[in-house]
Each structure stands twice: as C-alpha cells, then as structure tokens.
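# Fold and contact review
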Amino acid sequence: MALKSLQDLFVEELKDLYSAEKQLVKALPEMAKAASAPELRAAFEEHLVVTRGQVVRLDQVFEELGIVRKAKKCRAMAGLIEEGEELMKEDMRPAILDAALIVAAQKVEHYEIAGYGSARTFARLLGATRAAELLQLTLDEEGEADKKLTGLACALVNLQASEESTNGEDKPKKRAPRRKAPARAAGGSPRRSPPQAAAEAARPRQRNGAAGER
Ligand SMILES: [Fe+2]
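Read on for an overview of the structure. (Residues numbered from 1 in each chain as written. Predicted model: local features only at pLDDT ≥ 70, side-chain atom pairs only at ≥ 80, totals over all residues.)

Axis separation between helix α1 (residues 6–34) and helix α2 (residues 38–65) bottoms out at 9 Å; the angle between their running directions is 160 degrees. On the basis of the axis angle, α1 is roughly antiparallel to α2. You can see that α1 and α2 cross each other, and the crossing is left-handed. When α1 is examined against α2, the residues L14, L17, Y18, E21, K22, L24, V25, L28, P29, M31 and A32 are found in contact with a partner set consisting of R41, F44, E45, H47, L48, T51, R52, Q54, V55, L58, V61 and F62. By residue class, the composition of the contact of α1 with α2 is 15 nonpolar, three polar and five charged. (Axes fitted to C-alpha atoms, helices over the stretch in contact; angles between N-to-C directions. Helix = DSSP H or I, 4+ residues; strand = E, 2+ residues; numbered from the N terminus. Parallel < 35°, antiparallel > 145°, perpendicular 65-115°, else oblique. Left-handed = near helix turned anticlockwise from the far one by under 90°. Contact = placed C-beta atoms within 7 Å. Nonpolar A, V, L, I, M, F, W, Y, C, P; charged D, E, K, R; others polar.)

In this model helix α4 (residues 94–125) runs 46 Å from its N-terminal to its C-terminal C-alpha over 32 residues, within 8% of the 46 Å that 1.5 Å per residue would give. Count one or two residues on from α4 and you reach G127, which has phi positive near 75 degrees. (Expected span 1.5 Å × (residues − 1).)

Moving on, we get to the packing of α1 against α4. Running from N to C, α1 and α4 point in directions that differ by 160 degrees, and their axes come no closer than 10 Å. It follows that α1 is roughly antiparallel to α4 by the angle criterion. For the element pair α1 and α4, the recorded crossing hand is left-handed. For the pair α1 and α4, the contacting residues are L6, L9, F10, E13, L14, D16, L17, A20, L24, M31 and A34 in the first and L97, L101, A105, V108, E112, G115, Y116, S118, A119, F122, A123 and L125 in the second. Of the residues that constitute the contact of α1 with α4, the class distribution is 18 nonpolar, two polar and three charged.

Right, dumping it as structure tokens:
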C-alpha cells in the first residue's frame, strides 16, 4: 500500500501496533511461566491484563477514526518475541534467566513506546483528539511497565544472582587463615562496589564458548 499522506502513515502504524499487541498477548503467558521470581511472574501476568486492555483500546481508536480494524504483521515484534523464546531455551540459572527475561521485555516496551509515541503525535497533528488521548493512555501504561521492569531488575534480579553465587559453586571452598596484612600503599584496597559485585555474580559459568556471543 502506498503511503501518500500522514493519515496513511498513521493508519499503518496503528495496524502495526495492533499486531504487536496481539502477538504479546500470546507471548506474555510463556514469559510469566519461565520467570522464577514471583514478583517478576506477577509483573508479566499483570502486564498481560494491561495488554489485553490495550488491544481493546486500539479497537476504540479504529472505531473513532472510522477505519476498518486490521492488523498488519509487526515483524519487529515477531523478532523480539523469537529472541525471547530462544533465551528461554538456554541453560541458565533461574536468576540469570529472570534478568534475560527483563531485558527481552524492556526491548518490547521500548518498541511499543516508540510506536505509540509516534502514533499519538500523528493523531494530534491530524486533529484526531480522542484517538490521541486513547493512544496517550497506552503510552503511559507502557512507560509504567518499563519503569517497573527497571525496578525489578535492580532490586530483585541482582540480589538473587548475588545470593545464588554466594550459596553456589562460586563460593570459596575454604577461607585461608588470616595473615597480618602488609602495609598498603596510599589509596587502600580496591573494594568492590555493590554493582560490581552483582555484575560478577551475574557472570555465567564457563560453558560452550564465550559469554558475549549471544
Ligand atoms: Fe502494549
């Protein structure tokens, strides 16, 4: 379809978002099932309910604009979901899988934020005030979901990863007897900051190649 006007581009974007939301309604239950932290699972389940509402809201936008409700397959969302599915098949410790699920979910949120932000602006420019209001509501929800995921990543996943490391095989086998520390040069010992410690804890065990390959 030739996109000859801003109205055409607006409708095209709405169809893309409609497809993206419908794909997410199918993918979120799988993500919730794969999450091990109850708070993360609850966040995915809650966002599923929100996402279903967003599909209904898009129905309202189509109705408001007097155009036929139709999805056009969002290949970007399909790709993001596919990447998430590949992650879920990886052999990972639960806390690391949770961290990976949060990354996948935030990529989805950022895609949606870009799409809804543009669609909302197009609606305003075209004088479709009610449609702009509806799209803004969803845009706000996506922003909230993104913030919540950031909060979970900081508070939950890093802590879990750190605990697993302390309780697991990364734990030092036996502490060497303490010796009197030699005099240190000015500047003192290089203490690890909490973020560094969490990053080290989150480092995957060595297996099948380099960690940065994915
Ligand atoms: Fe959404």
